[in-house]
Amino acid sequence: MRHQSVLAYAKYRWLKISAAVVVAAIAAYVLDRSPHGHYGGSATGYTLGTIGALLIVWLTWFGVRKRQYRSTAATLQGWLSAHVYLGTALLVIATLHAAFEVGWNVHTLAYALMVAVILSGFYGIYAYLRHPGAITEALGDDTQESLLLKIADLDRQMRALALPLPDAVNRYVLAAAQGTRIGGGFRAQLAGRDRNCATAAAVVGLQAVGKTLRGEEARANQQLYALMVRKQELVGHARRAVALKARLDVWLYVHVPLSIALLGALTAHIVSVFFYW
């Protein structure tokens, strides 16, 4: 069965619906003949504002809805497609509601938070469309766990192979086994690399030591070097998978708090309009 992108769900159903909503909103704004001109307090402004507020609440609820996997109200893919396209339409609706006016007040704060939420959502859909495939490509036929097991097995082989070799060789092998880190702190996960990688240092060191060896030791060191290069390759794959997973998750640490802040600012915006204006 052919995989269908959430953006193309049901032959772009939600793109068409959102486009129709945007066209209707623009038409209502252009045709508005309020005696006071375009502003949020006109009949058209209130209508657009109400639609925008309802969309914000509905889109925020998606975070709860997507965890209700047993619900048959709609497919998760369909909801996500609606979330993306209606969220984009919201940007136009809210801008028209504000009549392109900004200021240092709670209303602009709500608008700015909405824009930030939508932009972070754009990154989120990009990440979910791109990174899972890249993670699969980085891991190949392995899982992260099996990749780590392969690395540990290489360490065991190299320690055994290094025993009869000079102390310098054993130091490199031991340092690579004990000092190689995959993941670590969040910044290290996002980077997907280690400038002070012990395995990379061991690859360089073993190559240098190998130039001083002869006979059986040289051949054993060459075999050891090949295993260390293989380990470096696997470590690189594992780090890339971790980095991609971190980049897949990082937007949630921005998107979710911003969404909560937006609900608070939206509430303040509505209260101030209806009770203080």
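Residues numbered from 1 in each chain as written. Predicted model: local features only at pLDDT ≥ 70, side-chain atom pairs only at ≥ 80, totals over all residues. Heavy atoms only, no water.

**Student:** What am I meant to see in the nonpolar core here?
**Tutor:** Note on soluble globular proteins: their nonpolar side chains tend to be buried together. Core analysis: the largest hydrophobic core is formed by 28 residues, its most contacted members being Met158, Val169, Val173, Leu206, Leu224 and Met228. Of all the secondary-structure elements, those providing two or more residues to this core are helix H4 (106–139), helix H5 (144–162), helix H6 (167–179), helix H8 (198–210) and helix H9 (215–250). The biggest single contributor to this core is H9, with ten residues. What leucine 224 contacts, discounting residues up to four positions off in sequence, is Met158, Leu161, Ala162, Leu165, Val169, Val173 and Leu206. Ala53, Leu96, Leu113 and Leu262 belong to the second largest nonpolar core, which has 22 residues in total. (Core = buried A, V, L, I, M, F, W, Y, C linked by side-chain atoms within 4.5 Å. Buried < 20%, exposed > 50% of the residue type's maximum accessible area, 1.4 Å probe, protein only. Helix = DSSP H or I, 4+ residues; strand = E, 2+ residues; numbered from the N terminus. Contact = heavy atoms within 4.5 Å.)

**Student:** Would you explain the pattern of salt bridges in this entry?
**Tutor:** Applying the stated rule across the entire model yields seven salt bridges. Here aspartate 153 makes a salt bridge to arginine 156, at a shortest N to O gap of 3.6 Å. Pair noted here: aspartate 153 and arginine 156 are both in helix H5, with a separation of three residues, about one helical turn. Residue aspartate 249 is joined to lysine 245 by a salt bridge in which the shortest nitrogen-to-oxygen separation is 2.6 Å. With aspartate 249 and lysine 245 both in helix H9 and four residues apart, the pair spans about one turn of that helix. Residue lysine 245 is classed as partly exposed on the basis of its relative accessible area, which comes to 40%. (Salt bridge = Lys/Arg side-chain N within 4 Å of Asp/Glu carboxyl O.)

**Student:** Before we go on, may I ask you to explain the packing of aromatic side chains in this structure?
**Tutor:** Aromatic ring pairs are reported here in terms of the distance separating the ring centres and the angle at which the planes meet. Counted by the stated rule, this structure contains seven aromatic pairs. Relative to tryptophan 79, the ring of tryptophan 58 lies with its centre 5.4 Å away and its plane at 20 degrees, an arrangement referred to as stacked. Taken as a pair, tryptophan 58 in helix H2 (residues 43–65) and tryptophan 79 in helix H3 (residues 76–97) lie far apart in primary sequence, 21 residues in all. Judged by its relative accessible area of 27%, tryptophan 58 is partly exposed. Judged by centre distance (6.2 Å) and plane angle (85 degrees), the ring pair of tyrosine 128 and tryptophan 251 falls under edge-to-face. Placement of tyrosine 128 in helix H4 and of tryptophan 251 in the loop between H9 and helix H10 (252–276) is noted, with a sequence separation of 123 residues between them. Taking relative accessible area as the criterion, tyrosine 128 reaches 40% and is therefore assigned partly exposed. With relative accessibility at 12%, the residue tryptophan 251 sits in the buried group. (Phe/Tyr/Trp six-rings, centres within 6.5 Å; stacked < 30°, edge-to-face > 60°.)

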